[in-house]
Amino acid sequence: MTQAPTPTADTVRRLVRTLLKDGSDTAPGPEIRPVAEGGEHSTWWVGARHVLRLASDREAAERQRRELRLRELIRPHLPVAVPASVARGEWAPGLTYTLDTRITGGSAGEHDVSAVGEDDLAGLFTGLREVPARQAQNLGVPRTAPRSLEALRRMAVHAAERLGTADEFDPARMAQLTAPAAAQLAAQPGTAVLIHHDLKGEHLVVSADGRVRGVLDWTGAVVGDPAEDIAGVAVAVGSPAAVRAATLAGYGARPCLRGLWLARCDTVIRLAARLDGRDGSPLPLLRSQLRHAWEAILLERVTEFREDAVDPADPADPADPADTAE
């Protein structure tokens, strides 16, 4: 198998000069520099107005092609910005690129999300539910089955013990999620929607005033469990904000609590993996994500769900997260 080429600064500079040609062969062109925060693509800032993303292999190229199609489908449904491509093509045989307009703002790690920003997140959740799932699938967006919260709970219990020995986390906190509670929070049939599926802090563009201005990198989007995006927001900006935004978007108690516990289990497992050398993520980031996911919220009781509860993703569902608060 032929090794995929590695993009260099010279590769990017030559491509950018072609794309943003100003009629002068001697002009230096805009400043380019690699984006420090990660992703599956080689990503470069191009001046102050553009971002260049280069697919690193053929699988990533196919995801990028799918993302470009999906962005056009979802843009009319969302109250926040989605990157727009001003140029696209191949930077090497079979390897794609997109030159996108830059959405002004920082990451969720740089700016706190305000109350108005929570409204923006609610609009994001609402808009994604409005995107026709069949149309997304016709564009190649995969459909994924919901994860087993009980299997995740068991993994998190073991991981929490590891964190306890390292004085990173009190493993007794995992007792809040019992096996019966995890069963009650199983994903319900017929609730799948289009989800971003990777709503981490670096993919949320937040302005200095706390507004959520845009969402980046839709390559991982799937039709699946909406609790996954609630969990992503909980990890990125905190559980209270995530649950408030999801509630404003019409989600009931079950998907909110499911998202909360997906986030809590995931962050415990990831930090334990890092301590064991099985994850290369920065420790400060994983500790911050753990704190966000385990922030206390009013919606904590999981034992009072009606056995005949209606679809919690239905805006007509009378279940309200506040109804289950202590």
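Residues numbered from 1 in each chain as written. Predicted model: local features only at pLDDT ≥ 70, side-chain atom pairs only at ≥ 80, totals over all residues. Heavy atoms only, no water.

**Some words on the layout of surface pockets**
For step 1, the next point in the chain: Space inside the largest pocket adds up to approximately 830 Å³.
For step 2, the next point in the chain: Lining the largest pocket are 39 residues, and of these K200, G201, G232, V235 and Q289 lie nearest its centre.
For step 3, the next point in the chain: Those elements that place two or more of their residues in the lining of the largest pocket are α7 (227-237), α8 (239-248), α9 (253-275) and α10 (283-293).
For step 4, the next point in the chain: Sort the elements by how many residues they give to the lining of the largest pocket and α7 lands first, with 6 residues. (1 Å grid on protein atoms, 1.4 Å probe; cavity = no way out; pocket = protein on both sides within 12 Å on 5 of 7 lines; lining within 4 Å. Points joined across faces, edges and corners; volume = space filled by probe spheres on them. Helix = DSSP H or I, 4+ residues; strand = E, 2+ residues; numbered from the N terminus.)

**Focus on the packing of α9 against α10**
For step 1, the next point in the chain: For the pair α9 and α10, the least separation of the axes is 9 Å and the interaxial angle reads 155°. With respect to each other, α9 and α10 are oriented roughly antiparallel. Pair α9 / α10 crosses with left-handed handedness. Of the residues in α10, those in contact with L260, A263, R264, T267, V268, R270, L271, R274 and L275 of α9 are L283, L286, R287, Q289, L290 and A293.
For step 2, the next point in the chain: Residue classes in the contact of α9 with α10 are distributed as 9 nonpolar, 2 polar and 4 charged. (Axes fitted to C-alpha atoms, helices over the stretch in contact; angles between N-to-C directions. Parallel < 35°, antiparallel > 145°, perpendicular 65-115°, else oblique. Left-handed = near helix turned anticlockwise from the far one by under 90°. Contact = heavy atoms within 4.5 Å. Nonpolar A, V, L, I, M, F, W, Y, C, P; charged D, E, K, R; others polar.)

**With respect to the packing of aromatic side chains**
For step 1, the next point in the chain: Using the criterion set out here, one finds 2 aromatic pairs in the structure.
For step 2, the next point in the chain: Taken together, a centroid distance of 5.5 Å and an interplanar angle of 90° make the contact between W261 and W294 edge-to-face. With W261 in helix α9 and W294 in the segment after α10, this residue pair connects regions lying 33 residues apart in the sequence. Judged on exposure class, the residue W261 and its partner W294 are both buried. (Phe/Tyr/Trp six-rings, centres within 6.5 Å; stacked < 30°, edge-to-face > 60°. Buried < 20%, exposed > 50% of the residue type's maximum accessible area, 1.4 Å probe, protein only.)

**Observations concerning the nonpolar core**
The nonpolar side chains of a soluble globular protein tend to be buried, and buried together.
For step 1, the next point in the chain: Of all hydrophobic cores here, the largest spans 72 residues; its most connected members are L121, L124, F125, L194, L204, W218 and V237.
For step 2, the next point in the chain: Counting residues per element, this core draws most heavily on α9, at 11 residues.
For step 3, the next point in the chain: Membership of the second largest hydrophobic core comes to 14 residues, among which are V12, V16, W44 and W91. (Core = buried A, V, L, I, M, F, W, Y, C linked by side-chain atoms within 4.5 Å.)

**Digging into the sheet that holds strand β1 (residues 32-34)**
For step 1, the next point in the chain: If you walk across this open sheet you meet the 5 strands as β1-β2-β3-β5-β4, and the pairing is antiparallel. Edge positions in the sheet fall to β1 and β4 (85-92), since each has one partner strand and no second. Neighbour-to-neighbour, the strand axes of this sheet turn through a mean angle of 25°, independent of strand direction.
For step 2, the next point in the chain: The sheet contact formed by strand β2 (residues 42-46) and strand β3 (residues 50-54) spans 5 bridges and is antiparallel. (Pairing = 2+ DSSP bridges.)

**Let's talk about the sheet that holds strand β9 (residues 212-215)**
Strand-to-strand pairing in sheets goes through backbone hydrogen bonds, with the strands running parallel or antiparallel.
For step 1, the next point in the chain: The antiparallel open sheet is built from 3 strands, whose spatial order is β6-β8-β9. Taken across any chain shown, the strands that pair with only one partner, and hence form the sheet edges, are β6 (106-107) and β9.
For step 2, the next point in the chain: Pairing between strand β8 (residues 204-206) and β9: 3 bridges, direction antiparallel. Note that in β9 the partner of L204 across the bridge is V215.

**A word on empty space enclosed by the protein**
For step 1, the next point in the chain: Applying the stated criterion across every chain, the model contains 2 cavities of 30 Å³ or more.
For step 2, the next point in the chain: Considered as a void within the structure, the second largest cavity measures approximately 40 Å³ in volume.
For step 3, the next point in the chain: Listing elements by their share of the lining of the second largest cavity, those giving two or more residues are α3 (115-130), β7 (193-195) and α7.
For step 4, the next point in the chain: Broken down by class, the residue content of the lining of the second largest cavity amounts to 8 nonpolar, no polar and 1 charged.

**Quick notes on the environment of E161**
For step 1, the next point in the chain: Counting through the fold element by element, E161 comes out in helix α5 (residues 149-165).
For step 2, the next point in the chain: Linking E161 and A172, residues 11 residues apart in sequence, is a C-alpha distance of 8.8 Å.

**As for the pattern of salt bridges**
For step 1, the next point in the chain: Under the counting rule described, the total for this entry stands at 24 salt bridges.
For step 2, the next point in the chain: Ionic contacts of the salt-bridge type, sharing partners, join the residues R53, E67, R71, D100 and D217 into one network. (Salt bridge = Lys/Arg side-chain N within 4 Å of Asp/Glu carboxyl O.)

**With respect to the confidence of the model for the protein**
For step 1, the next point in the chain: Looking at the protein as a whole, the pLDDT averages 89, with 87% of positions reaching at least 70.
For step 2, the next point in the chain: Residue range residues 302-326 is modelled with pLDDT below 50. Its contacts to residues more than four positions away, or to other chains, number 51 contacts. (pLDDT = per-residue confidence, 0-100.)

**Side note on the side chain of D225**
For step 1, the next point in the chain: As for its position among the elements, D225 is in the loop between β10 (222-224) and α7.
For step 2, the next point in the chain: From its side chain, D225 meets the backbone nitrogen of A227 in a polar contact 3.0 Å long.
For step 3, the next point in the chain: Sequence-distant contacts of D225, defined by excluding residues within four places in its chain, comprise P146, A187, I195, R258 and L262. (Polar contact = N/O pair within 3.5 Å; in protein donor to acceptor, adjacent residues only side chain to side chain.)

**Some words on the environment of W44**
For step 1, the next point in the chain: The topology assignment puts W44 in strand β2.
For step 2, the next point in the chain: W44 sits 12 residues away from I32 along the chain, and the two C-alpha atoms are 6.5 Å apart.
For step 3, the next point in the chain: Setting aside chain neighbours within four positions, we find W44 in contact with P7, T8, A9, V12, R33, P34, V35, H50, V51, L52 and L54.
For step 4, the next point in the chain: Within polar-contact distance, the side chain of W44 engages the side chain of S42 at 2.9 Å.

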